[in-house]
Amino acid sequence: MVILSQVRSCFNKIFDRRKHACLILSALLCFFQGSSFLSSIMTESTFPDSQVTSKIQKNQIHDNTRLCSQQEITQGEWLPVTYDQLPYLPIKKSSKQCYTELVQPWHTYEWQPSAATKTTTTIDDDGLCEFSKWDQDLFCQLAHNRTISMVGDSLMLEQFSSLIHMLGIRDFQEAFVYNTSGYFEYTVCPHNTTRIFFEWNNWLRKVFKRGLSVVEPDILILNKGAWWTDNSAHRHRVMGVFPQLKEWQTRCQQQERQCHLIWRTTVPGHPLCQTMTHPSTNISQMEALIANQSLYLEQNLNFNWWQFQSQNKMTIDLFRAEAANNTKVLFPPLDIMDAYPILVLRPDDHIGFHNPPHKRGDRRSGFDCMHNCQPGKTLVYNQLLLHQMKEWQREEK
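Residues numbered from 1 in each chain as written. Predicted model: local features only at pLDDT ≥ 70, side-chain atom pairs only at ≥ 80, totals over all residues. Heavy atoms only, no water.

Novice: Is there a simple way to explain the nonpolar core in this structure?
Specialist: Judged by nonpolar contacts, the single largest core of 70 residues is most densely connected at Phe 139 and Phe 160. Here this core takes eight residues from helix H13 (residues 379-396), the largest share from any one element. Apart from residues no more than four positions distant in its own chain, Phe 139 is found in contact with Trp 134, Ile 148, Leu 163, Leu 167, Cys 189, Ile 196, Leu 385, Leu 386 and Met 389. Core analysis: the second largest hydrophobic core is formed by 20 residues, Leu 212, Val 241, Cys 252 and Cys 259 among them. (Core = buried A, V, L, I, M, F, W, Y, C linked by side-chain atoms within 4.5 Å. Buried < 20%, exposed > 50% of the residue type's maximum accessible area, 1.4 Å probe, protein only. Helix = DSSP H or I, 4+ residues; strand = E, 2+ residues; numbered from the N terminus. Contact = heavy atoms within 4.5 Å.)

The following block contains the structure:
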């Protein structure tokens, strides 16, 4: 009623004017100045099949806003949020399933960097930065005519599965990955020009069967996976992929394609995950929990979760040193998707909490405190990917 009164007052003033152009201009200015219309243009933040109950502004590519840096992104907290229902219900093996129906409402958590304390993508003059919310339309816009290849084990498969589900794929079955090929490929987005590819590769083996030479990705995301090897073997395997990456970059240049390499850090499991019900706010406490080997089931000790972060740092150092020392052959532009400091704060939402051994009829393997529920905290992987793609879009202009 207040806005209608303001509009009526505006038009009464305007009708006294003589020129038609001034009438139209004054009407518009008076209406916008007399209300909070501009500051309250909001849209629901949506997943493909679900809507969030709180309103946030829709992502856009703003050239005049500052995107959060990688360091800023890793410093924040998980905030509670409620959606009308699960964004999707994946078809998975029963032993990996957390949800059997579309939960309504769905209470979850979303990552919020401290440097981006607002839920909008409009940045004021107070130095706040923008951290991208998931936006399917924006992703498809930035991924137009691009191929994204993900290479890794079941931890990378979580990101791949989350992404294609968020892009509307509903016929994906994770059990297929255990066939002899270990490949998945989907064409996504309304324009049907974006390809998403996954290659199963334990321990970051030297030879990528298809992930580079056949698929020819524009964006390559690598991760070493959860399978532990000592530092010497890990160093050897990481350095073993460098020649392939250089060959890939050479082909990209020859084909005049802008190609990007992302190394994703590995997040360890959490012992006692079956007792965890909410996120943590203290990395030191989580690392102390992970380092306490007395809390582990015997079968989980071989994974050496407490050493994951040291190998994360080693891997980043190896990649950066190779890029810096490379003079004759170009090394792909490298970006780090540092998931460790974000997801190490999530001892909850593991499969072991929702689907314990007695529930799935398998008492031998114990609680799965390595793998994560879907949908859930793994959604942040592709939020980070979208944020990085926005960075590239700015740089390529």
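Once you've had a look at it, read on.
Novice: How do you make sense of the sheet that holds strand S5 (residues 147-152) when you look at a structure like this?
Specialist: Strand pairing within a sheet occurs via backbone hydrogen bonds; the two strands may be parallel or antiparallel. Spatially, S6-S7-S5-S8-S9-S10 is the arrangement adopted by the six strands of the open sheet, whose pairing is mixed. Bordering the open sheet on either side are strand S6 (183-188) and strand S10 (334-337), each of which pairs with just one other strand. Direction aside, neighbouring strands of the sheet carry axes that sit 20° apart on average. Bridge analysis of strand S8 (residues 219-222) against strand S9 (residues 260-264) gives four bridges, and the strand direction is parallel. Directly across from Leu 220, in S9, lies its bridge partner Leu 261. The sheet contacts of helix H5 (residues 154-166) involve S5, S6, strand S7 (194-200), S8, S9 and S10, and relative to S7 the element is tilted by about 160°. (Pairing = 2+ DSSP bridges. Axes fitted to C-alpha atoms, helices over the stretch in contact; angles between N-to-C directions.)

Novice: Mind showing me how you'd approach the state of the cysteines here?
Specialist: Defined simply, a disulfide is a covalent bond joining two cysteines at their sulfur atoms. Taken as a whole and judged by the stated rule, the model has five disulfides. What pairs with Cys 140 in a disulfide is Cys 189, and their sulfur atoms sit 2.1 Å apart. Looking down the S-S bond of the Cys 140 and Cys 189 bridge, the torsion is -80°, so its handedness is left-handed. Taken together, the residues span a long stretch of sequence, with Cys 140 in helix H4 (residues 136-142) and Cys 189 in the loop between S6 and S7 at a distance of 49 residues. Residues Cys 140 and Cys 189 agree in their burial class; the two are buried. (Disulfide = S-S within 2.5 Å.)

Novice: Any chance you could explain helix H7 (residues 242-254) here in plain terms?
Specialist: Three or four residues apart is the spacing at which side chains of an α-helix point the same way, because the helix has 3.6 residues per turn. Over its 13 residues, H7 extends 18 Å from the first C-alpha to the last, a length consistent with the 18 Å expected when each residue adds 1.5 Å. Within the span of H7, buried status applies to Phe 242, Gln 244, Leu 245, Lys 246, Trp 248, Gln 249 and Cys 252. Against S8, helix H6 (231-240), S9 and helix H9 (308-325) lie the buried residues of H7. Glu 256 lies just past H7 and shows a positive phi near 60°. (Expected span 1.5 Å × (residues − 1).)

Novice: How should unusual backbone geometry be read in this particular structure?
Specialist: Excluding glycine, most residues fall at negative phi; most peptide bonds, likewise, are trans. Note the cis peptide between Gln 104 and Pro 105, where omega equals -10°. Note that the residue after Gln 374, namely Pro 375, is joined by a cis bond; omega there is -10°. Mapped onto the elements, Pro 375 comes out in the loop between helix H12 (357-360) and H13. Even without being a glycine, Asn 192 presents a positive backbone phi close to 55°.

Novice: Looking at this model, I keep getting lost on H5. Mind explaining?
Specialist: Between its first and last C-alpha, H5 extends 18 Å over 13 residues, near the 18 Å set by a 1.5 Å rise per residue. Across the 13 residues of H5, 13 count as buried, placing the element largely inside the fold. Following H5 by one or two positions, Gly 168 adopts a phi angle in the positive range, close to 100°.

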